[in-house]
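These are the residues of each chain, in order.
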Amino acid sequence: MEEADVPKDDRKIAQMKAGDRLAVKHMNGKGQSDITIVAIGIVNGIEERVVYVDWVLKDLNRKVPSRGCFGTLHGPYTYKNAWVRQVFCL
């Protein structure tokens, strides 16, 4: 299968590795410029299209600027960015 034929989410999953952090977000309504982070986890394994996660923080209510993150998967990011640290810090 050529790169163009691989679904975007599959390409993102292929870039993930054990130790990466994931954040679960909720959009705060149509037209809002921020999102709410509700959970943060650490990837502990990947098998085909299944990503196994150790959920470290749950029941969060961390509002952050969306920075266009309205889709399903985003990244990879580096921690040099202040926004990334705001979203993913434990």
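Numbers given to residues run from 1 along each chain, matching the order in which its sequence is written. Confidence filtering applies because this is a predicted model: local features only for residues at pLDDT of at least 70, side-chain atom pairs given and counted only at 80 or more, and all residues used for totals across whole chains, interfaces and linings. To get the side-chain values, take all heavy atoms of the structure and skip hydrogens and water.

### Considerations on the nonpolar core
In these notes, a set of buried Ala, Val, Leu, Ile, Met, Phe, Trp, Tyr and Cys residues joined through side-chain atoms within 4.5 Å is what counts as a nonpolar core. Think of it in three bands: with a 1.4 Å probe and only protein chains considered, a residue is buried below 20% of the maximum accessible area for its type, exposed above 50%, and partly exposed in between. Counting nine residues, the largest nonpolar core consists of Ile 35, Ile 37, Ile 40, Val 64, Cys 69, Trp 83, Val 84, Val 87 and Phe 88. A run of H or I in DSSP counts as a helix once it spans at least four residues, and a run of E counts as a strand once it spans at least two, with each numbered from the N terminus. Residue assignment for this core shows that the elements contributing at least two residues are strand E2 (34–47) and helix H2 (82–88). We call two residues in contact when some of their heavy atoms are within 4.5 Å. Setting aside anything within four residues of it in sequence, one finds Val 64 in contact with Asp 34, Ile 35, Ile 37, Trp 83, Gln 86 and Val 87. Grouped together as the second largest cluster of nonpolar side chains are five residues, Ile 13, Met 16, Leu 22 and Val 53 included.

### A few points about the pattern of salt bridges
Should a side-chain nitrogen of Lys or Arg be within 4 Å of a carboxyl oxygen of Asp or Glu, the pair is scored as a salt bridge. For the structure on display, the rule yields two salt bridges. Asp 10 is the partner of Arg 49 in a salt bridge, and the nearest nitrogen-oxygen pair spans 2.6 Å. Here the residue Arg 49 occupies a position in the loop between E2 and strand E3 (50–57), and Asp 10 occupies one in helix H1 (residues 8–15), the gap between them amounting to 39 residues. Here Asp 10 falls in the partly exposed class, since its relative accessible area comes to 22%. A salt bridge links Asp 20 to Lys 17; the nearest nitrogen and oxygen atoms lie 3.3 Å apart.

### Focus on the side chain of Ser 66
You can see Ser 66 is positioned in the loop between strand E4 (62–65) and H2. Since its relative accessible area comes to 6%, Ser 66 is described here as buried. When neighbours within four sequence positions are excluded, Ser 66 is seen to be in contact with Ser 33, Asp 34, Ile 35 and Trp 83.

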